[in-house]
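Take a look at the letters that make up each chain.
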Amino acid sequence: MHQSVKTIFRLCFAVVIFLITLSLCLTCFAKLQDIMQAEQSFQQGQSLRLNSSPNQQYILVSNNQKPDQAIFVLIAGNGYIAKSSCEHYPNLCLDEDNQSHSRQIMQIQLFKAGQFSYIEQVSYRDSRSGQFAEFTYDKNQIQQFYQQDITSLKYIVFAIALFALSALLVSFKLIKNFRQFLNK
């Protein structure tokens, strides 16, 4: 009885190792495809203009503290519709606005290229101070932001590829000595 429980546990453990290896390899492959098709994705990017209404209020929320340094466009009470790096928008990611829901968007234009979203134009009112602000970013700035994101994605894919290679080595070694692994 004890040996069969041990064998079932080891079999499940091997399945988990194989699934993790498969997911790492598929993630690496998908992200490599994103990198290789980056220029085409940017050319096919689409703009989206959103206007707040009494029924649907959009809010600009930022967080410039680690680990999630990002700026979000939220639908009030329903989650976010766009996320971008604070690195691109230092004038929108200020310490006094960290995780504050006080910037009520009147109008925003987003540019979506692949998995990345960028703010092209935003006008909002700060409910704390009552001040209005408007920021506009041209196509060249958006393209630079996109290229920076693709470059950082390359480093991430490199790290994932190292883990995938390690997982593949473990998986091949496990397959090679599978009977011995199950009966230990």
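Rules of the game
Residues numbered from 1 in each chain as written. Predicted model: local features only at pLDDT ≥ 70, side-chain atom pairs only at ≥ 80, totals over all residues. Heavy atoms only, no water. Buried < 20%, exposed > 50% of the residue type's maximum accessible area, 1.4 Å probe, protein only. Helix = DSSP H or I, 4+ residues; strand = E, 2+ residues; numbered from the N terminus. Pairing = 2+ DSSP bridges. Phe/Tyr/Trp six-rings, centres within 6.5 Å; stacked < 30°, edge-to-face > 60°. Lys NZ or Arg CZ within 6 Å of the ring centre and 35° of its normal. Disulfide = S-S within 2.5 Å. Patch = residues over 30% accessible without salt bridge, like charges linked within 9 Å, V, L, I, M, F, W, Y side chains within 5 Å. Areas by Shrake-Rupley, 256 points an atom, 1.4 Å probe, with all protein chains shown as cover. Salt bridge = Lys/Arg side-chain N within 4 Å of Asp/Glu carboxyl O.

K.L.:
Any chance you could break down the pairing of strand β7 (residues 132-136) for me, citing the residues and the numbers?
P.N.:
Judged by how many residues are buried, β7 sits mostly at the surface: zero of five residues are covered. Pairing geometry for strand β6 (residues 116-126) and β7, over five bridges, is antiparallel. Across the sheet, Ser123 pairs through a bridge with Glu134, a residue of β7. From the end of β6 to the start of β7, which pair antiparallel, there are five residues, and Gly130 there has a positive phi angle of about 80 degrees.

K.L.:
I'd like a description of the packing of aromatic side chains, backed by residues and values.
P.N.:
Taken as a whole and judged by the stated rule, the model has twelve aromatic pairs. Aromatic pair Tyr118 and Phe145: ring centres 6.4 Å apart, planes at 35 degrees, arrangement tilted. You can see Tyr118 sitting in strand β6 and its partner Phe145 sitting in helix α3 (residues 139-176), a full 27 residues away along the chain. Of the residues examined, Tyr118 reaches a relative accessible area of 0% and is grouped as buried. For Phe145, a relative accessible area of 9% gives the class buried. The interplanar angle of 20 degrees and the centroid separation of 6.4 Å between the aromatic rings of Tyr124 and Phe135 together place this pair among those described as stacked. With Tyr124 in strand β6 and Phe135 in strand β7, this pair connects stretches of sequence that are eleven residues apart. Taken together, the aromatic side chains of Phe42, Tyr89, Phe111, Phe116, Tyr118, Tyr137, Phe145 and Tyr146 make up a single cluster linked through ring pairs. Positioned over the ring face of Tyr124 is Arg103, at 5.7 Å from the centre of the ring.

K.L.:
Any chance you could break down the pairing of strand β5 (residues 103-113) for me, citing the residues and the numbers?
P.N.:
Alignment of strand β1 (residues 46-51) against β5, held across six bridges, turns out to be antiparallel. Note that in β5 the partner of Arg49 across the bridge is Gln109. Alignment of strand β2 (residues 58-63) against β5, held across three bridges, turns out to be antiparallel. The residue of β5 that forms the bridge with Leu60 is Arg103. Looking at chain direction, β5 and β6 are connected through ten bridges and run antiparallel. Paired with Phe111 across the two strands is Tyr118, which belongs to β6. Between β5 and β6, which follow one another and run antiparallel, lie two residues, and Gly114 among them has a positive phi close to 65 degrees.

K.L.:
Can you lay out the state of the cysteines for me, pointing to particular residues and giving the numbers?
P.N.:
If you walk through the whole model with that rule in mind, you get one disulfide. Each sulfur in the disulfide pair Cys86 and Cys93 lies 2.1 Å from the other. When the S-S torsion is -85 degrees, as for the bridge of Cys86 with Cys93, the disulfide is left-handed. With relative accessibility at 8%, the residue Cys86 sits in the buried group. Cysteine Cys28 remains unbridged, with the sulfur of Cys25 as its closest cysteine sulfur at 7.3 Å. Accessibility expressed as a relative area gives 11% for Cys28, which makes it buried.

K.L.:
Before we move on, could you go through a nonpolar patch on the surface and cite the residues and values that matter?
P.N.:
Nonpolar side chains collect at one region of the surface, where Leu11, Val15, Leu19, Leu22 and Leu26 lie side by side and expose about 460 Å² of accessible area between them. Relative to the elements of secondary structure, Leu26 occurs in helix α1 (residues 2-36).

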